[in-house]
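Residue-level structure breakdown
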Amino acid sequence: MSTLADLTDERMAHARDQLHWAVQVLGATCDAALERRADDSQSALLPGTVLGNAALADAITTEALPSGHRLALDPAGHRLLVVAPGVGIESDFVLAGRSLEDALGWVHARLPDLDRPPSPRDYELPDHAYGTGGAYDDADAEAIAAMCHAIRHAFELLGSIVTVHGAATALRLWPHHFDLGSILLLSPEGNPASDPCVGIGYSFGDATLTRPYFYANPYGIERRDPLPALPAGEWTTAWYGAVLECRTLDTEAAEEAVREMTARVLTFVRAAVGGTQP
């Protein structure tokens, strides 16, 4: 199987931008079926591993809706899935050759949780034909599969960091920026909306940094220059945070580099809160 490292920037960007639009169907479904939460996490997504089907490990899914059903995106199979509790795949929708509007109409017809078709939010998303009425393109299945495999590995790598740290928000894939993210708190009583913390995650590239990268961003503290040296990655000038470009996720070296960068940024934030030098 190809990895992100095997793809040209152009192939990776095309697959990424199409998937970014495709996950809007899942996010919009969550918005329509679930109560709004203060942190907006009702629209955030989970890895296919929660579905309990090894064949869908690289899929992306909603949390369980009130009926118990989930809506999943199986990019390797180029389809949407309605997954029923205790049953498994109840119905599917082949995306190839169909529009975003077709997909939203199918979801409305198949899920018992919706009294109206889901409507994607008016996010500023990357330009792609699928987002402007064009059909889903399955021509580069290899690039799409590589992207989905990377999503699963990013969930696993970051999930292990979140688990070890303990005091953190749930790791999710966020439809708006199409990135994985969690917030590491300095204490179990911390409030991610107001207290100093570190946001960690993985982006598949965006308008600022076009190639995939892990990030660790300080929140709730004033910027203090000079910033400390990092054992891996670098402080970006695009925003207040550390980044580590990475296309090969399933290696010990990648995991160690991300752990070291995250630990250094956490130390930096703790020192800033305590008024000491990191």
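Overview of the structure. This structure is a prediction, so every number in the text was calculated from the model and none was measured.

Rules used throughout
Residues numbered from 1 in each chain as written. Predicted model: local features only at pLDDT ≥ 70, side-chain atom pairs only at ≥ 80, totals over all residues. Heavy atoms only, no water. Core = buried A, V, L, I, M, F, W, Y, C linked by side-chain atoms within 4.5 Å. Buried < 20%, exposed > 50% of the residue type's maximum accessible area, 1.4 Å probe, protein only. Helix = DSSP H or I, 4+ residues; strand = E, 2+ residues; numbered from the N terminus. Contact = heavy atoms within 4.5 Å. Pairing = 2+ DSSP bridges. Salt bridge = Lys/Arg side-chain N within 4 Å of Asp/Glu carboxyl O.

Another aspect to go through is the nonpolar core. Residues Val25, Leu71, Leu73, Leu80 and Phe214 are the most contacted members of the largest nonpolar core, which totals 75 residues. Here the element with the most residues in this core is helix α3 (residues 141-165); it accounts for 13 residues. Non-local contacts of Phe214, meaning those with residues more than four positions away in its chain, are made with Leu157, Leu158, Gly201, Tyr202, Ala242, Val243, Leu244, Cys246, Leu249, Val258 and Met261. With 6 residues, the next largest nonpolar core counts Leu51, Leu56, Ala59 and Val83 among its residues.

Moving on: unusual backbone geometry. A cis geometry characterises the amide bond from Asp225 onward to Pro226, with omega recorded as 0°. For His78, which is not glycine, the phi torsion reads 50° and is therefore positive. Here His78 is to be found in the loop between β3 (70-74) and β4 (79-84). Look at His78 and you get buried, because its relative accessible area is 10%.

Our focus in this paragraph is the pairing of strand β11 (residues 241-245). When you tally the buried positions in β11, you get 4 out of 5 residues, the bulk of the element. The pairing of strand β10 (residues 234-236) with β11 spans 3 bridges and is classified as antiparallel. In the sheet register, Thr236 faces β11, and the bridge partner there is Gly241. What sits between the antiparallel neighbours β10 and β11 is a turn of 4 residues.

Our focus in this paragraph is the pattern of salt bridges. Once their charged atoms are close, side chains differing in charge can pair, the charge on each being opposite to the other. For the structure on display, the rule yields 18 salt bridges. Arg121 is the salt-bridge partner of Asp31, the closest N and O atoms lying 2.7 Å from each other. Highlighted residues: Asp31 in helix α1 (residues 9-33) and Arg121 in the loop between α2 (100-110) and α3, separated in sequence by 90 residues. Residue class for Arg121 comes out partly exposed when judged on its relative accessible area of 26%. Within the structure, one salt-bridge network assembled from shared partners comprises Asp9, Arg211, Glu245 and Arg247.

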